Every structure is written in C-alpha cells, then in structure tokens.
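# Examining the three-dimensional arrangement
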Amino acid sequence: MASLSLKHIGKKYAGGVMAVSDFNLEIKDKEFIILVGPSGCGKSTTLRMIAGLEEITEGELFIGDRLVNDIAPKDRDIAMVFQNYALYPHMTVFGNMAFGLKLRKVPKEEIKRRVEEAARILDIAHLLDRKPKALSGGQRQRVALGRAIVRDPAVFLLDEPLSNLDAKLRAQMRTELSKLHQKLGTTFIYVTHDQTEAMTMADRIVVMKDGYIQQVDTPQHLYDIPCNSFVAGFIGSPQMNFVDSKLIKEDESFYLEFGSEDTKRRAGVKYRVKLPASKNNKGVLEEYIDKEVIMGIRPEHVHDEAMYLESMTDGIIDTKVEVTELMGAETYLFLDCEGNKFTARVDPSTTAKIGETIKVAIDTTRIHIFDKDTERTITN
C-alpha cells in the first residue's frame, strides 16, 4: 500500500499551453481521493502524470518514499481503469484479467488463484469464459476493475470509469466501488466531472479549474464551507443560487439588497434580507459596506411552506413561478425575482403553480457571501 505526495506538479504542452499548474497534494495510504471539475480543468492530465502516461514538466511525484518522475508506468506499482474499459475483444474475461500477469511471468496456478478471487469479489465468476462482446456495460466495467485488482497494486487510478453506464447502473456501481475500496484497503485516485460521484464516494475531493486546485476538503465541508463561488456552484445539485446584491449596514445590522433598477426608482429597494450577526464573524463584512457582493443560497434553504414564512421574516421575497419539476420525494421550483433566478427545493405537496406569484423565505443563517471581483468567500 502507498501514500502519494505531489509537490508543485505542472504539465506544459507544446506551444506553451499549461494544462496543470502548481499542483500540491498529500494523499494518505488507503485514502479515496476524487479529482473533480469541468472538462479541460486538468484532472485527467494529473491522473495520467501519476500513472506515468504523461511526462511531468515541473515538480516531484512520490509514491511512498520513492521519487517516480522518471520511472516507467509498469514499475510504479499502480493500476489504471480507463473510461472505455480497453478490453481485448478476442480474449475471454479470464484472458483479459490474466493478461498482465502472464506478461510478468506469474506462475499459472497463481494467475488462476488471483483471477478467480477477483472474479468472486466482483461477482463475475460465471462470466470468465465469455468474450467482451457478450457482456453488458456494467459487466465490462467489472472486468476492467478485475484486471486491475489481480495486479494487487499499491494505487488504483480510475479515469471516469462510470461515464459510459446508464443512470441506474452508475448509482449501483458507485456503491460497489465504495465497497471494493473498503474490501481491498488500497489507495484510490478517481477522476470524474460528476459531482454526485465525488460527493458519495470520496474521503476527500479535489476541486479543479483551469489547471489549478481550487479547494481540497471532505465532501461535507466543500458543500457547507466553499472557499469561492466556483466551488459553491460546482458542488451541489441543483446548484447554489447566486444573486448580485449590495451590502448595507443600518443600526448595527447588516442587510443584503437586490432588485432591478426600475424597482429601486419606483419604491426604494424592494428586497432587503437581514443577515444574522454571525455572518460578520471577526468583522469580515465591514470592508464591504455599500459595495456590490454576491449572495449565495442553496435551493434547500429557499422555502415556500407556511411554517418557514412565519418564522423566517428577515428573508421573505416575492417570486414568480416559471417552472415546477416533481422529482418524487421533492419538487424543484424555478423562480424569478425581479430578474434574479432562484431554484427552491421544496416538499412535493407544494401548491405552487406555474405563473403564480408566491412568497418564499430565505434561511438567512445559510447565506454565503462572495467578493464580486475575486469570487472568494467573504463569509459562509
């Protein structure tokens, strides 16, 4: 088993394109780390540098206490599972899983033992004589995982392994991968653009954008305490609501004001949300008085139920219902408030109808405020 240390890792392609910049990360032994971010953010490039499939332009990569920058992929004690499975079509499942061991001149009896053990763990023992074309997508994925497991590597690298599966199978395989990680007790480094996969499986998540790490933290901390508006918007589905606002201080209390210019001329500022005193912890709001900021609020903290409207009087606004989506256990309301778009995640028994104007209550204790220029978090 192995820990990994990535110190100031960078990747520059011909023409000066910097795909990954100053990547620093310490990965503990047996940890499940997920790299997440939009397409082109550098997450797969980082994984390929760890695998040795891409040359490291800058920095140092240690697996355990061994510097591996110039060590060939086959000698790094890692196994990689690709997005397209990369199975040999002319070989059986057994042949695909055994191929790497045969190249390493592992004895036949040992190969048979390892393949059968991996097949048992993955519940594909009954498929060992089949060819890949006779398998479903989920079964092929398990074979690709099995081929990695038989190597007994120190580190598993997985590059979007579930992206070719349908939604139901993806959810099932997420559970299976989490179980597999616990069973094998091996370090997993996993790349995805799907934040649901990241939130449900990772010990820690690395959020990337434009080749840079934005934040590294546990799933819950990323969700509750994002370091900037990019992380706040990327983690969570539906994504956080963002509203351009002005921070006002009156009688020792802080308020966020928003609404169209027409509304302001017509009747002063129409919407004013009072912030709890805790949002000004250590005086962080003082320098933003009378300045434009960004208010963030998650959909589950926008309520239309009477009990919230009665208790959350500091955050009540009028909105027009544009779309409703019944999801079974909950309903999403897509709302418009003077041109500001809100999504609310509410009880499925809601009576809100398209075209209606309804009052909703913002839970002011759950408001996030971001600097409009730097997008950094002012307060969570």
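All values reported here derive from a predicted model rather than from experimental measurement.

Looking only at helices and strands, the protein chain features 10 helices and 21 strands. Overall, the C-alpha framework of the protein chain stretches about 85 × 45 × 35 Å when taken along its three principal axes. Scored against the burial criterion, the 380 residues of the protein chain give a buried share of 50%. Residue pairs at least 24 apart in sequence account for 67% of intrachain contacts in the protein chain once pairs closer than 6 positions are excluded.

Looking now at the pairing of strand S6 (residues 78-81). Residues Ile78 and Met80 point to one face of S6 and Ala79 and Val81 to the other, with burial holding for every one of them. Bridge count for S6 against strand S7 (residues 155-159) is 4 bridges, and the pairing is parallel. Note on S7: the bridge partner recorded for Ala79 is Phe156.

Grouped together as the largest cluster of nonpolar side chains are 50 residues, with contacts concentrated most on Met97, Leu145, Leu158, Leu177, Leu180, Tyr190 and Val207. Excluding residues within four positions of it along the chain, Leu177 makes contact with Phe32, Leu145, Leu158, Leu162, Phe188, Tyr190 and Met201.

Let's shift gears to the sheet that holds strand S13 (residues 271-274). As summarised here, the arrangement of the 6 strands in space is S13-S12-S11-S14-S20-S21, forming an open sheet in which the pairing is antiparallel. The open sheet is flanked by S13 and strand S21 (377-379), the only strands paired with a single partner. Put simply, the sheet's adjacent strands are angled 40° from each other on average, direction ignored. In terms of strand pairing, strand S20 (residues 368-371) meets S21 through 2 bridges, oriented antiparallel. When the bridges of S21 are listed, Phe370 appears paired with Thr377.

On to helix H4 (residues 137-149), then. A rise of 1.5 Å per residue sets the reference length of H4, with its 13 residues, at 18 Å; its end C-alpha atoms lie 18 Å apart and thus fit the reference within 8%. Extensive coverage of H4 is indicated by the burial of 10 of its 13 residues. Buried residues of H4: Gly138, Gln141, Arg142, Val143, Ala144, Leu145, Gly146, Arg147, Ala148 and Ile149, and no others. As for H4, its buried residues are in contact with S6, helix H2 (93-103), helix H3 (108-121), S7 and helix H5 (167-184).

A few words on the sheet that holds strand S10 (residues 212-217). With respect to topology, 6 strands assemble into an open sheet ordered S6-S7-S8-S3-S9-S10, the strand pairing being mixed. Two strands bound the open sheet, and with one partner strand each, they are S6 and S10. Ignoring strand direction, the axes of neighbouring strands in this sheet form an average angle of 15°. In terms of strand pairing, S7 meets strand S8 (residues 187-192) through 5 bridges, oriented parallel. Bridge pairing in S8 places Phe156 opposite Phe188. Across the sheet, H5 lies against strand S3 (32-36), S7 and S8, angled at about 160° from S8, the strand it touches most.

Burial of helix H1 (residues 43-51) is extensive: 7 of the 9 residues sit out of reach of the surface. Among the residues trailing H1, Gly52 stands out with phi positive, at a value near 90°.

Moving on to unusual backbone geometry. Look at the link from Ser237 to Pro238: it is a cis peptide, with omega at -5°. Secondary-structure assignment places Pro238 in the loop between helix H8 (229-234) and strand S11 (241-250). One non-glycine residue, Asp22, lies in the positive phi region at around 45°.

The description of two aromatic rings rests on the distance between their centres and on the angle between their planes. By the definition in use, this model includes 8 aromatic pairs. Taking the centre distance of 5.8 Å and the plane angle of 20° together, the rings of Phe258 and Tyr271 count as stacked. Taken together, the residues span a long stretch of sequence, with Phe258 in strand S12 (residues 253-258) and Tyr271 in strand S13 at a distance of 13 residues. Assigned by exposure class, Phe258 and Tyr271 land together as buried. Of the aromatic side chains, those joined through ring pairs into one cluster are Phe32, Phe156, Phe188 and Tyr190. The cationic tip of Arg272 hangs over the ring face of Tyr255; the distance from NZ or CZ to the ring centre is 4.9 Å. The ring of Tyr223 carries the charged tip of Arg298 above its face, separated from the ring centre by 3.9 Å.

The next thing to look at is the side chain of His181. Residue position: His181 is located in helix H5. Ignoring any residue separated from it by four or fewer positions in sequence, one finds His181 in contact with Lys30, Glu31, Phe32, Thr186, Phe188 and Asp203.

Calculation rules
Residues numbered from 1 in each chain as written. Predicted model: local features only at pLDDT ≥ 70, side-chain atom pairs only at ≥ 80, totals over all residues. Heavy atoms only, no water. Helix = DSSP H or I, 4+ residues; strand = E, 2+ residues; numbered from the N terminus. Buried < 20%, exposed > 50% of the residue type's maximum accessible area, 1.4 Å probe, protein only. Contact = heavy atoms within 4.5 Å. Pairing = 2+ DSSP bridges. Core = buried A, V, L, I, M, F, W, Y, C linked by side-chain atoms within 4.5 Å. Axes fitted to C-alpha atoms, helices over the stretch in contact; angles between N-to-C directions. Expected span 1.5 Å × (residues − 1). Phe/Tyr/Trp six-rings, centres within 6.5 Å; stacked < 30°, edge-to-face > 60°. Lys NZ or Arg CZ within 6 Å of the ring centre and 35° of its normal.

By themselves, these figures tell us nothing about what the structure is for.
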